[in-house]
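Okay, here's what each chain looks like letter by letter:
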Amino acid sequence: MKAIILCAGKGTRLRPLTHTSAKHLIPVMNKPVLLYSIEKIKQAGITDIGLIVSPDNKESFQNVFGDGIDFGVRLEYIVQKDPKGLAHAVLCAKEYIGDDDFLMYLGDNLIKEDLDTFIKSFKDSKADATILLAPVENPSRFGVAKMKGNNIIAVVEKPKNPPSNLAIIGVYIFSKAIFEGIANIKPSWRNELEITDAIDYLINNNFIVNGHIIYSWWKDTGMPDDIIEANRRLLEDLADSNILGNIAENSLTQGKIVIGKGTNILDSVIRGPVIIGENCTITYAYIGPFTSIGDNVDIKNAEVENSIIMENSKIINLSRKVDSSLIGKNVFIKEIEGKPKSLKIVLGDHSQLTLKD
Ligand code: G1P
């Protein structure tokens, strides 16, 4: 069985970070979101993976993942020229998939559950589709499934009156029957070929569609707060400390901490769970729980907590704590003495700055 991971989305809700990189490459616990999906799929025994990318972001994925060999998988890049919907993305991969069953994974999803039982439940059934579902409090934001036993008897995309609380979270297994479904649907109100409509076709034409419900944590990492929450959840599960850098004696460390080589911690408090990359300098600083710091970051005389700071950034002399923040690459934040007290700001399009007193 092959897998396809859909990564062509523009990630508009994660601007400005997505002006320069794909949303699936944003680091969570210092690893791109997409790598977690690749690892999950590999762990389930699938090593042929097609990445459905856009013409704009193809290169950024190739730069990180190459042909996949370093990650133990074989990656094929399939370009979806226009963003015409999830079912359209599947159609772009038709030749790659061939006649086999396949796993489809929305690339910005993080799930804790292993995929083995899900795949087994598809294989043990005579279903043409098995769809991963999870109970949610806000089903109207998702595709929603109505179940009878293991069967899904109806699916609705973003319903005003949801028929259940079971959301389609973005991991599916299909037989080639889905291509018949896709051939028989029309673009939706948002002018996209919806995979939910193709699934609806299967249900209405006597194909078997099953649901597989998970109760463990998962997250669609579409918004900055989702990324920060995902970072927090993954750091919560940090198994062990691993300190390759140098912690000077006048620093204090507590909890589980990962520190990369070449990193120097001086006169600072690091309270885990925290991950700090390579070649960073942390001086007179407090790095609080649930924080991930990329490579080559310089933090001096500042406090950071529950945040992601990406590579090559500098945070110097801040009198306020940086909290619940997502800071991109090569960002420079500093506070200086002097009058008039003011903010001097250079922020890219769609940046957000919140000051709390
Ligand atoms: C898509 C699917 C929807 C699913 C969701 C999961 O929606 O159409 O059924 O619940 O992904 O994230 P979109 O995020 O494209 O609006």
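These numbers were taken from a predicted model, which means no experiment stands behind them. (Residues numbered from 1 in each chain as written. Predicted model: local features only at pLDDT ≥ 70, side-chain atom pairs only at ≥ 80, totals over all residues. Heavy atoms only, no water.)

A. Local environment of the site of the ligand. Around the ligand, a shell composed of L86, L106, F142, G143, E157, K158, I168, I169, R190, T196 and D220 is seen. Residue E157 places a side-chain N or O atom 2.9 Å away from an oxygen atom belonging to the ligand. Interatomic distance of 2.5 Å between a backbone N/O atom of I168 and an oxygen atom of the ligand. When the ligand sits alone it has 380 Å² of accessible area, and the protein chains cover 83% of it. A per-class count over the shell around the ligand returns five nonpolar, two polar and four charged. (Near = heavy atom within 4 Å. Polar contact = N/O pair within 3.5 Å; in protein donor to acceptor, adjacent residues only side chain to side chain. Areas by Shrake-Rupley, 256 points an atom, 1.4 Å probe, with all protein chains shown as cover. Nonpolar A, V, L, I, M, F, W, Y, C, P; charged D, E, K, R; others polar.)

B. Region of the structure containing unusual backbone geometry. Between G272 and P273 the backbone carries a cis peptide bond, its omega angle lying at 5°. As for its position among the elements, P273 is in the loop between strand 19 (269–271) and strand 20 (274–276). In this model, D267 sits at a positive phi of 45°, which is unusual for a non-glycine residue. Here D267 lies in the loop between strand 18 (264–266) and strand 19. Note on D267: relative accessible area 30%, which makes it partly exposed. (Helix = DSSP H or I, 4+ residues; strand = E, 2+ residues; numbered from the N terminus. Buried < 20%, exposed > 50% of the residue type's maximum accessible area, 1.4 Å probe, protein only.)

C. Highlighting the domain arrangement of the protein. When cut into domains, the protein gives domain 1 (2–234) and domain 2 (238–334). A straight line from the C-alpha centre of domain 1 to that of domain 2 covers 33 Å. On the domain 2 side, the residues contacting the 12 residues of domain 1 number 17 residues. A buried area of about 1,200 Å², summed over both sides, lies between domain 1 and domain 2, and 67% of it is on carbon and sulfur atoms. The largest contributions to the domain 1 side of the interface with domain 2 come from N30, I228 and R232, which together make up 44% of the buried area. Here domain 1 and domain 2 share five residue pairs in polar contact (both at pLDDT 80 or more) between them. Element by element, the count of residues in the side of domain 1 that touches domain 2 is highest for helix 9 (residues 224–236), at six residues. Residue classes in the side of domain 1 that touches domain 2 are distributed as nine nonpolar, two polar and one charged. (Domains from an automatic or database assignment. Contact = heavy atoms within 4.5 Å. Buried area = accessible area lost by both parts, 1.4 Å probe.)

D. Up close: the environment of I168. Following the sequence through the fold, I168 ends up in strand 11 (residues 166–174). Spatially, the C-alpha atoms of I168 and I131 are 7.0 Å apart, while their sequence positions differ by 37 residues. The residues touching I168, leaving out its near neighbours within four places in the chain, are I131, L132, L133, F142, G143, V144, V155 and T196.

E. Expanded view of the sheet that holds strand 24 (residues 298–300). If you walk across this open sheet you meet the six strands as 15-18-21-24-27-30, and the pairing is parallel. Each having just a single partner strand, strand 15 (246–247) and strand 30 (332–334) make up the two edges of the open sheet. Direction of pairing for strand 27 (residues 314–316) relative to strand 30: parallel, over a ladder of three bridges. Looking at strand 30, one finds that K314 is bridged to F332. (Pairing = 2+ DSSP bridges.)

F. Representation of the nonpolar core in the model. Counting residues in each nonpolar core, the largest one holds 36 residues, and the members touching the most others are I4, M104, I178, I195 and I199. Top contributing element to this core by residue count: helix 8 (residues 195–204), with six residues. Not counting residues within four places of it along the chain, the set of residues in contact with I4 comprises G50, I52, V90, A93, Y96, I97, F102, L103, M104 and Y105. Core analysis: the next-biggest nonpolar cluster, separate from the first, contains 35 residues, L25, L34, I41 and I169 among them. (Core = buried A, V, L, I, M, F, W, Y, C linked by side-chain atoms within 4.5 Å.)

G. Summary view of the sheet that holds strand 20. Strand order in the open sheet formed by six strands is 14-17-20-23-26-29, and the pairing between neighbours is parallel. Lying at the two open borders of the sheet, with one neighbouring strand each, are strand 14 (242–243) and strand 29 (326–327). Alignment of strand 23 (residues 291–293) against strand 26 (residues 308–309), held across two bridges, turns out to be parallel. Directly across from I293, in strand 26, lies its bridge partner I309. Each of strand 20, strand 23, strand 26 and strand 29 touches helix 9; the most contacted strand, strand 23, lies at about 100° to it. (Axes fitted to C-alpha atoms, helices over the stretch in contact; angles between N-to-C directions.)

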